[in-house]
Amino acid sequence: MFIITVIKLLLLALNIFPSRFTNRRIMFLIYMTNLVTHVMMDEPRFAQPIPNVTVAVGRDANLPCVVEHLGGYKVAWIHIDRQMILTIHRHVISRIPRYSITYTDNTWLLHVNQAHQDDRGYYMCQVNTNPMISQVGYLQVVVPPNILDIESTPSSVAVRENQNINMTCRADGFPAPKIIWRREDGEEIAVEKKKKVLVYDGDVLPLTKVSRNEMGAYLCIATNGVPPSVSKRIILDVEFSPMIWVPNQLVGAPAGTDVTIDCHTEAHPKAIIYWVYNSVMVLPSKKYKTDYTENSYRAHMKLTIRNLQYGDFGNYRCISKNSLGETEGSIRVYEIPLPSTPSKQVTHTTVETRENNIIPSSRNDSTKSLQTDVYAMKNDLSPGGSASAASSSSSATSMQTSVLPGGVGAMGNSLSSLNGNGGTKGSLAIGKSMFYTERPPNEYAGKNAGSYHNKLYKLHGLLYLFIWTWL
């Protein structure tokens, strides 16, 4: 339609100047000829829009501008955010060497090598027609997360038990990263008045009244959808003075055997742990074997005493000491005599005699003498010293009951077995009742322990002699 209008204008011009050709007419014809030529030819146009491109920082990016029927016009690239002309036609104008331009099949390709965050923004492809034509595309430069150590909690932090602490983790990147916290061992995190969660969101992890159970490694993880995600490992140390737990405070064993005693201790910072006997540190030797097992702030200490002798019985102390304090536990090792096994067996006649409470007259004098010695020994061992005397028939049982504290008639049981149970001489019941006590006498602990053992040995001898004489 526009071409038809131009032809009509030419015919009208010829009618106006039909007779002669003047300079004005010639100029007008030239102008109209150029106009028709221009109209008859296609104008430059963009074949497709510039796509928005996303690239990770440090990577290469390409922005295409496809122009059809460019003719003699020029194509230029402009970074709008910087207000910077980058290229004109095939020439790079910018002094930034990371920019370059290539042309293939009507496509003007702008190359951005090793993209920086400053390269992010709008880019314009412009053709210098009159009026100018242009189109715009966007280059997005994304940045993976990066944890800022200078603004975050150090990799190792210490706090006293029952105090509060806030652990911080800062990160940058584009888009802005999201921060989550979790424990390395998979345990729950106690936050917000002991509310427990497996994962906590936020730059700051608040911990209140920290306990030793919360000690360990925490992971701060930053993500923003741009790989790779990053994390920081922060070790939380909870400091407290040593504590000791003794499973068995009284341990009995016969002489000549091996015995093992143990203590459990908790402390942080790491404590120095050792054993002491008779105010001397126990060192590994042929006599002693020490074993220490550690797990985090817990430790299990064992001491094995080989071939127990008389001088090995007594109090052993396990000691734990660190910069915040010192504590100890005490374990008493006492002797359990081995039960005797006499070779001589009691005959049936002897049992019947014993059951009938018949004592041969030839042994009455020696028996009474032994009973007198036993009663005297009982008075030495008993705390009261001068207990009220009972009848001779019941004094033996009374004496045996008072030998061991708490009214437990260990030796009385052995006598009662002689008085009516029909057991054999030297039987296991006698040995067990006499020697295998569950605990040592408390009232004879400490300074009187040695004296007590000496008197007990004498009593054993007198008791056996008394039994043999009776039978």
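Everything here concerns the structure above.
Cut-offs used in this document
- Residues numbered from 1 in each chain as written.
- Predicted model: local features only at pLDDT ≥ 70, side-chain atom pairs only at ≥ 80, totals over all residues.
- Heavy atoms only, no water.
- Core = buried A, V, L, I, M, F, W, Y, C linked by side-chain atoms within 4.5 Å.
- Buried < 20%, exposed > 50% of the residue type's maximum accessible area, 1.4 Å probe, protein only.
- Helix = DSSP H or I, 4+ residues; strand = E, 2+ residues; numbered from the N terminus.
- Contact = heavy atoms within 4.5 Å.
- Pairing = 2+ DSSP bridges.
- Phe/Tyr/Trp six-rings, centres within 6.5 Å; stacked < 30°, edge-to-face > 60°.
- Lys NZ or Arg CZ within 6 Å of the ring centre and 35° of its normal.
- Disulfide = S-S within 2.5 Å.

Visitor: Would you mind going over the nonpolar core in detail, with residue names and values included?
Guide: Core analysis: the largest hydrophobic core is formed by 24 residues, its most contacted members being Ile165, Met167, Trp181, Leu205, Leu207, Tyr218 and Leu236. Breaking this core down by element, the ones donating at least two residues are β11 (156-160), β12 (165-168), β14 (178-183), β15 (189-191), β18 (204-207), β19 (216-223) and β20 (230-245). Counting residues per element, this core draws most heavily on β20, at four residues. Residue contacts for Leu205: discarding those within four places in its chain leaves Ile165, Asn166, Met167, Trp181, Ile189, Val191, Tyr200 and Tyr218.

Visitor: Kindly report on the pairing of strand β8 (residues 107-112), identifying the contributing residues and their values.
Guide: Taking burial as the measure, the six residues of β8 include five buried ones, the bulk of the element. As defined by bridge partners, strand β3 (residues 61-68) adjoins β8 across six bridges and the pair is classed as antiparallel. By the bridge assignment for β8, Ala61 is matched with Val112. What sits between the antiparallel neighbours strand β7 (residues 99-104) and β8 is a turn of two residues, in which Asp105 has the positive phi angle 50°.

Visitor: Lay out the sheet that holds β8 with the relevant residues and their values.
Guide: Consider a sheet: its strands pair through backbone hydrogen bonds, and that pairing is either parallel or antiparallel. As summarised here, the arrangement of the four strands in space is β1-β3-β8-β7, forming an open sheet in which the pairing is antiparallel. Each of the sheet's edge strands pairs with one partner strand only, and the pair in question is β1 (45-46) and β7.

Visitor: Pulling in residues and values, what's your account of the side chain of Asp119?
Guide: Inspection of the secondary structure assignment puts Asp119 in the loop between β8 and β9 (121-127). In contact with Asp119, other than residues within four places in its own chain, are His79, Arg82, Arg98, Tyr99, Val112, Leu139 and Val141.

Visitor: Talk me through the packing of aromatic side chains; I want residue IDs and the actual numbers.
Guide: What the rule picks out here adds up to four aromatic pairs. Ring geometry for Tyr122 and Tyr138: centres 4.7 Å apart, planes at 70°, overall edge-to-face. With Tyr122 in strand β9 and Tyr138 in strand β10 (residues 133-147), this residue pair connects regions lying 16 residues apart in the sequence. Relative to Tyr316, the ring of Tyr277 has its centre 4.1 Å away and its plane inclined at 10°; by these criteria the two rings are stacked. One end of the pair, Tyr277, is in strand β23 (residues 272-277); the other, Tyr316, is in strand β27 (residues 314-322), with 39 residues separating them in the sequence. When the ring centre of Phe240 is taken as origin, the NZ or CZ atom of Arg212, which lies over that ring, is 3.7 Å away.

Visitor: Please give an account of the state of the cysteines that cites residues and values.
Guide: A full pass over the atoms with the stated rule returns three disulfides. The disulfide that involves Cys169 links it to Cys220, with 1.7 Å between the sulfurs. Its torsion about the S-S bond being -55°, the disulfide of Cys169 and Cys220 is classed as left-handed. Taken as a pair, Cys169 in the loop between β12 and β13 (171-174) and Cys220 in strand β19 lie far apart in primary sequence, 51 residues in all. Like Cys169, the residue Cys220 is buried in the burial classification. Bonded cysteines in the protein are paired 1-2, 3-4, 5-6 when counted in the order they occur along the chain.

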